[in-house]
Protein chains: 2
Amino acid sequence: MTDQSGNIFGDGPVVLQVGGPLYLQLKRWVEDAIKRGLIKPGDALPSERDLALRADVSRVTVRKAVQHLVQEGVLVQRHGSGTFVAPETQRVEQSLSQLTSFSEDMARRGMAVRARWLERGLYLPSPEETIILGLGSGERVARISRLRLTGDVPLAIERASLSSSVLPEPLTIADSLYKHLEKSGNRPVRAIQRIRAANIPEDDAHLLEVPVGSAVLHIERISYLATGRVIEFTRSTYRGDTYDFVAELRLGDPSNGARTP
Amino acid sequence: MTDQSGNIFGDGPVVLQVGGPLYLQLKRWVEDAIKRGLIKPGDALPSERDLALRADVSRVTVRKAVQHLVQEGVLVQRHGSGTFVAPETQRVEQSLSQLTSFSEDMARRGMAVRARWLERGLYLPSPEETIILGLGSGERVARISRLRLTGDVPLAIERASLSSSVLPEPLTIADSLYKHLEKSGNRPVRAIQRIRAANIPEDDAHLLEVPVGSAVLHIERISYLATGRVIEFTRSTYRGDTYDFVAELRLGDPSNGARTP
DNA sequence: GAGTGGTCTAGACCACGCA
DNA sequence: GCGTGGTCTAGACCACTCG
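Residues numbered from 1 in each chain as written. Chains lettered and ligands numbered in written order. Predicted model: local features only at pLDDT ≥ 70, side-chain atom pairs only at ≥ 80, totals over all residues. Heavy atoms only, no water.

In the nomenclature of an unreviewed UniProt entry, chain A is known as Transcriptional regulator, GntR family of Devosia lucknowensis.

Residue and element names in this part refer to chain B. Considered for burial, the residues of helix 2 (residues 48-55) that qualify are Glu48, Leu51, Ala52, Arg54 and Ala55. On its buried side, helix 2 packs onto helix 1 (22-35), helix 3 (59-71) and strand 1 (75-78). Backbone geometry just downstream of helix 2 places Asp56 in the positive-phi region, at approximately 60 degrees. (Buried < 20%, exposed > 50% of the residue type's maximum accessible area, 1.4 Å probe, protein only. Helix = DSSP H or I, 4+ residues; strand = E, 2+ residues; numbered from the N terminus. Contact = heavy atoms within 4.5 Å.)

Attention now moves to the protein's contact with DNA strand D. The immediate surroundings of DNA strand D are formed by 25 residues, with Arg59 and Gly80 of chain A together with Leu22, Ser58 and Thr61 of chain B found nearest. For DNA strand D, the fraction of protein-proximal atoms (within 4 Å) that sit in sugar or phosphate groups is 60%. With respect to DNA strand D, the backbone of Leu22 of chain B contributes an N or O atom lying 2.3 Å from a phosphate oxygen. Looking at the surface near DNA strand D, the elements with two or more residues in it are helix 2 (48-55), helix 3 (59-71), strand 1 (75-78) and strand 2 (82-85) of chain A together with helix 1 and helix 3 of chain B. (Near = heavy atom within 4 Å. Polar contact = N/O pair within 3.5 Å; in protein donor to acceptor, adjacent residues only side chain to side chain.)

Enumeration according to the criterion identifies six aromatic pairs over all chains in this entry. With centroids separated by 4.5 Å and ring planes inclined at 55 degrees, the aromatic side chains of Tyr238 of chain B and Tyr243 of chain B adopt a geometry described as tilted. Like Tyr238 of chain B, the residue Tyr243 of chain B is buried in the burial classification. Each ring, one from Tyr238 of chain B and one from Phe245 of chain B, has its centre 5.2 Å from the other, and the planes form 90 degrees; the classification is edge-to-face. Each member of the pair Tyr238 of chain B and Phe245 of chain B is classed as buried. Here the aromatic residues Tyr238, Tyr243 and Phe245 of chain A are joined through ring pairs into a cluster of three or more. Between Arg78 of chain A and the ring centre of Phe84 of chain A, over which it is positioned, the NZ or CZ distance is 4.3 Å. (Phe/Tyr/Trp six-rings, centres within 6.5 Å; stacked < 30°, edge-to-face > 60°. Lys NZ or Arg CZ within 6 Å of the ring centre and 35° of its normal.)

For the pair chain B and chain A, the best superposition has an RMSD of 0.3 Å and corresponds to a rotation of 180 degrees with a translation of 0.2 Å parallel to the axis. The superposition operator between the copies reduces to a two-fold rotation axis. Of the residues that chain B buries at the interface, 96% are likewise interface residues in chain A, meaning the two copies contact each other through the same surface. (Least-squares fit on C-alpha atoms with pLDDT ≥ 70 in both.)

With mixed pairing, the eight strands of this open sheet are ordered in space as 3(A)-10(A)-7(B)-8(B)-9(B)-6(B)-5(B)-4(B). One side of each edge strand has no neighbouring strand; the edge strands of this open sheet are strand 3 (92-95) of chain A together with strand 4 (113-123) of chain B. Averaged over neighbouring strand pairs, the angle between their axes works out to 20 degrees when direction is ignored. Taken together, the ten bridges between strand 7 (residues 190-199) of chain B and strand 8 (residues 215-224) of chain B define a ladder with antiparallel strand orientation. From the neighbouring strand, Ala197 of chain B faces strand 8 of chain B, where its bridge partner is Leu217 of chain B. (Pairing = 2+ DSSP bridges. Axes fitted to C-alpha atoms, helices over the stretch in contact; angles between N-to-C directions.)

Written as structure tokens, this is what we have:
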């Protein structure tokens, strides 16, 4: 009697509301189905060809609607497998006033985290690195790039640059960069962080396993020793769908206006 | 001999490098042209039909390449007018440790800002508003929604909710909400802010004049009086391409924001 | 009105996953 | 091997901008 074979929508025709371009009508229709619980996170959508047939539109139009929803993180597509309603993801919070390292931060809240090395070693510095880190001429820069994961879910890409005088042997870092720096008395006490939103480019999208163009937080951090010396320059990319930054604001003296000295 | 008529690429055929999907090849080709200065911010691209002809691909394929670049903020399209290389935008910075209002913040750095009212008045509260603002039963909520602009460029959408006991007459607000609250002794002294990246949905995209799916910063702010009472609950959406948030981090006790250099 | 981007179609082939 | 999504085409009409 009923069609149980993975077809959550039944097999009747798809009836669109009127108004606007077809792909937006279809998009609304899918959003509706999800909102009403006809189809839940993890469930498969009918195939593009099936939807096209039943909504009486071309497959290109179906793809345009689906593509928008993938873009917004509502759906995920797996080549050769199907289109699915995105699972709900738990968001991670990070303080914006306390200076911590990623691994310490996660350990504190009892999350299992791993890191995959992307790059590690001594390099010729870029002009930008030379200026920001205040490198002497001929001095090398230590670069550490990591992919941060909880379980199998990538969370962030972190690319740090430090003076080679501070980190002469990048390969000896075991887990936490800040712990390592602490041993040599070089742990930063202060940092300026610049945060903005961006659409992720292709290469990073693959690393973080999100669709190209997804929103991410781009964070640039410059860390200082108590002496005022710049010790670390880090560019990180955090997945927008799993990361929250939390800040506490107070009225009054801007303290520093957050300006580099 | 040379074609000066707005055709920056000349009129020869477009030669693509090999490898991968055509639309990505074409995308790379356009990026290259911009990188090499053949075409500068503000310049028009050849029309989609022209590009298709010269690259020997279909217009659909051209559109897919262009669409990706629009998504990444490299190009902008104007219906009926053409496709252009995006102008470089100046980024705005905002402190993440000092509690200020948008209008005060902008006035301080001498930027001309305007606001357009989107919504203003007393409403029946949503369950969320009731809980967060601690509304009594039957109490109304004051909602203030504004579109923030500098000149003609939209910067942010701000949707604030306050208890009607604090703001009984939302229509009387002239410019700055915080100034208004100060008059009645209700200016917040502390706030918790939650920041994350998201792809902008359709409706907000029109307001901010950015393509659907662009990266934006989503900020949720809960503000407190000195008494500890919640006074304001605001959801804002900031354009990712024009807004930077700056935070200063310090090692040690997180409960005290930032003090003593 | 000429030219631009925006939407849409019907049909084709390829690359991937899974049983 | 079959069904899925991924890419691509040639051609059509609409909606908008601008001279």
